[in-house]
Amino acid sequence: STPFGIDLGTSKSVISAARNGGIDVIVNEVSNRATPSLVGFGPKNRLIGESAKNKQISNVKNTVDNIKRIVGLDFDDADLEIEKKYFTVPLVKDAATGGVSAKVRLGDTAHKETKANLEQVALSVPLWYNEKQRHAAADACRIAGLTPVQIVNEVTAAAVGYGVFKANELPVDEPKKIAFIDIGHSSYQISIASVKKGELKILGSAYDKHFGGRDFDYAIAEHFAKEFKDKKKLDVHENPKAFYRVLVASEKVKKVLSANSQAPFSVESLMEDVDFSSSLTREELEAYVQPLLNRVNVPIEAALKDAGLTIEDIDSVEVIGGCTRVPSLKQKLTDIFGKPLSFTLNQDEAIARGNAYICAVHSPTVRVRPFKFSDYNQDAVTFSWDKQLEDDENEIDFPRDHKVPKEFTIKFQAKQDFEASLRYTGSPIDSKPIAKWQVKGVVPKEGESEIEVKLYVGANASGWYTLDAAETREDTLVKVLVEHEDEEDAEPEYKEEKKNNIYELRGKLEDQYKDFASEQEKETLTALLLKTEDWLYDEGEDAKKAKYIAKYEELASKGTRKEEANRQKQEAANTAALQERLA
Ligand code: ATP
Ligand code: MG
């Protein structure tokens, strides 16, 4: 199947495919290289993308814009209050999940255009998407009939694309420090990476979740709303359709001002058959968005701090995202970095292209230029388990991490079966966990009250945590025959050897994502766990160590932890002997 990359933007989405030895952006049904991220609900049918956009003004009360902002959000999330302003439909609580629900169909365009067997996809999400939102994004892919091979941070996708496609211009040993900045329709993200030929590391990241093109549009719209009220004594805020039309005209003004010093503004019969026309200059726009421009430095400083760097360390500033076409914003960024900005990447397509490459890396059939990279997990989490012994610690913090995927092992003494859970660090102990696991089969050795338990926790490349395996270990002493080659008649001699028995524990994932492992997967895994357990009891005692290890590997390879390791091995194999086919 063809590997796909999707950039689900707040205003528009881009889909690309790794095919014919390169990466193509796929055009939609009206030959556009990007599709509006919109869903409109009509009396009989549902409109998606272009057709929803065409009907947006007449169907403003039934068109859902800004979907990306509310995917996976809890209804009581403080951000929802801010988001309401940008929505022309009421946001309601989903009775079943307590969240705000939105279903997105991404597959159709790619499917129709490529006629490919659309299976695997890498989808990007903003840095600020939390664990639950990342799962929701993966879920959206599945609803669309796609297999999400990786959920990638948007800026990372663009940076990886840069590293892969600019390979020949990159240094071989001393890496360059590059700031990648994406300012789109709703948010502003920055990641600082060290990049050399064949390798990229994210050193630090930061974002302003509420800074993007739509905020510029609103600033302009509010200005014209006020002017209209002053001149015509009519308030567009009282009429959602009228306000929306002002907003659309304001976005147009903003774009015209990127290339001109003055722009006309005009809306016919805006309210009560009153026409409204006016104009705006670039200087005026700059004045209205000054509060935003004053915040531009904040994420940059935070990302530098996160990376342990100063502004002088930055070799170049790569900029993407539609909003960075605004001259005053470009100027502000240039002033802060003290150097000209680079627009090496395609501002609108870099993320989708990077994703198609990342998806191709996962494909066993498509050959790609090898490139090593890790992603960034911005959430610090705390992993805890039922307290087993009075004085023992029962939790461990995982700080935000620049280098995922990663594995951790946790060791402690346990008395019995227990529950383990994951929550954001600092959130109250009784708050709803991100994930919860029941670990079963903890049996101390006869005559003992506790046994050492080992948990394998994975922080995967998609940005969430997994409990991949749990085991107990038990040392037993066994008598081993000492062989003396020459002395055939000698008395048999034995020595004692310590043997390490490993018992894989049974686990049950109890969080809201338990459906992610298909029923069949779960059954296979459980059956294998039980089989191995039986095997350990029946013949395990006498089995040779090699057999133990083989059995353990077989067991572990079915778990996701090893799956990840296998995937990486496979990737290495895929890329090792390969020619550079993706240009
Ligand atoms: P996000 O990344 O925030 O989820 P997105 O990916 O949809 O959103 P982009 O496509 O990068 O966002 O950028 C869209 C924004 O860029 C819109 O606000 C649009 O008005 C703005 N924009 C596009 N072209 C121009 C231009 N020539 N001048 C100014 N702004 C522009
Ligand atoms: Mg974007």
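1. Section: the packing of helix α6 (residues 154–165) against helix α13 (residues 350–362)
Next up, step 1: Where α6 contacts α13, the two axes come as close as 7 Å, and the packing angle between them is 75°. Here α6 is positioned roughly perpendicular relative to α13, judged by the angle of their axes. Side by side, α6 and α13 meet where E154, A157, A158, V160, G161, V164 and F165 of the first sit next to A350, I351, G354, N355, Y357 and I358 of the second.
Next up, step 2: Within the contact of α6 with α13, the residues separate by chemical class into nine nonpolar, three polar and one charged.

2. Thoughts on the nonpolar core
Next up, step 1: Counting residues in hydrophobic clusters, the biggest one holds 54 residues, and the most contacted among them are I190, I192, V236 and L329.
Next up, step 2: Mapped onto the domain boundaries, this core takes at least three residues apiece from domain 1 (4–37 + 104–211 + 295–373) and domain 2 (213–292).
Next up, step 3: Leaving out residues up to four positions away in the same chain, V236 has contacts with A225, F228, A242, F243, V246, L270 and M271.

3. Focus: the pattern of salt bridges
Next up, step 1: Counted by the stated rule, this structure contains 20 salt bridges.
Next up, step 2: Linking K495 and E497 is a salt bridge whose minimum nitrogen-to-oxygen distance equals 3.7 Å.
Next up, step 3: Under the relative-accessibility criterion, K495 is labelled partly exposed at 43%.
Next up, step 4: What makes E497 partly exposed here is its relative accessible area of 36%.
Next up, step 5: One network of salt bridges, with partners in common, ties together K12, R325 and D348.

4. Describing the sheet that holds strand β7 (residues 63–64)
Next up, step 1: Spatially, the three strands line up as an open sheet ordered β6-β5-β7, and their pairing is antiparallel. On the outer flanks of this sheet lie β6 (46–48) and β7, each paired with one strand and no other.
Next up, step 2: Relative to β6, strand β5 (residues 39–41) is paired through three bridges, and the arrangement is antiparallel. Residue pairing across strands places F41 opposite R46, the latter belonging to β6.

5. Remarks on a negative patch on the surface
Next up, step 1: Together, D173, E174, E312, D313 and D315 make up a negatively charged patch on the protein surface.
Next up, step 2: By secondary structure assignment, the location of D313 is in the loop between α11 (297–307) and β15 (316–320).
Next up, step 3: For D313, a relative accessible area of 33% gives the class partly exposed.

6. Some points on the pairing of β15
Next up, step 1: In terms of burial, β15 is a largely internal element, five of the five residues being buried.
Next up, step 2: Across the two faces of β15 the burial is the same, with S316, E318 and I320 and V317 and V319 all buried.
Next up, step 3: Examined bridge by bridge, strand β10 (residues 176–183) and β15 share five bridges and lie parallel to one another. Following the sheet pairing, D182 is matched in β15 by I320.

What counts and what doesn't
- Residue numbers restart at each chain and count upward from 1, following the sequence in its written direction.
- Here every chain gets a letter starting at A, and every ligand a number starting at 1, in the order they are written.
- Residues qualify for local features only when their pLDDT is at least 70, as the model is predicted, and side-chain atom pairs are given and counted only at 80 or more; totals for whole chains, interfaces and linings, by contrast, use all residues.
- For the side-chain quantities, the full set of heavy atoms in the structure was used; hydrogens and water were omitted.
- Helix axes are fitted to C-alpha atoms over the stretch in contact, other axes to C-alpha atoms as well, and angles between N-to-C directions run from 0 to 180 degrees.
- Counting from the N terminus, the helices are DSSP H or I runs at least four residues long and the strands are E runs at least two residues long.
- Here the angle decides the label: under 35 degrees means roughly parallel, over 145 means roughly antiparallel, 65 to 115 means roughly perpendicular, and every other value means oblique.
- A contact between two residues is defined here by any heavy atoms of the two lying within 4.5 Å.
- Here the nonpolar group is Ala, Val, Leu, Ile, Met, Phe, Trp, Tyr, Cys and Pro; Asp, Glu, Lys and Arg are the charged ones; every other residue, Gly included, is treated as polar.
- Residues grouped as a nonpolar core are buried Ala, Val, Leu, Ile, Met, Phe, Trp, Tyr and Cys residues, joined through side-chain atoms within 4.5 Å.
- In this scheme, a residue with accessible area under 20% of its type's maximum is buried, one over 50% is exposed, and one in between is partly exposed, where area comes from a 1.4 Å probe on protein chains only.
- An automatic or database domain assignment provides the domain bounds reported here.
- What makes a salt bridge here is a side-chain nitrogen of Lys or Arg within 4 Å of a carboxyl oxygen of Asp or Glu, nothing more.
- Between any two strands, at least two bridges found by DSSP are needed for them to pair.
- Exposure above 30% relative accessible area and no salt bridge define the residues that can form patches, which grow by joining like charges within 9 Å and nonpolar side chains of Val, Leu, Ile, Met, Phe, Trp and Tyr within 5 Å.
- Areas reported here follow the Shrake-Rupley algorithm with a probe of radius 1.4 Å; residue values treat only the protein chains shown as occluding.
- Counting rule applied: Lys, Arg positive; Asp, Glu negative; His and chain ends not counted.
- Throughout, a charge is located at the NZ atom of Lys, the CZ atom of Arg, the CG atom of Asp or the CD atom of Glu.

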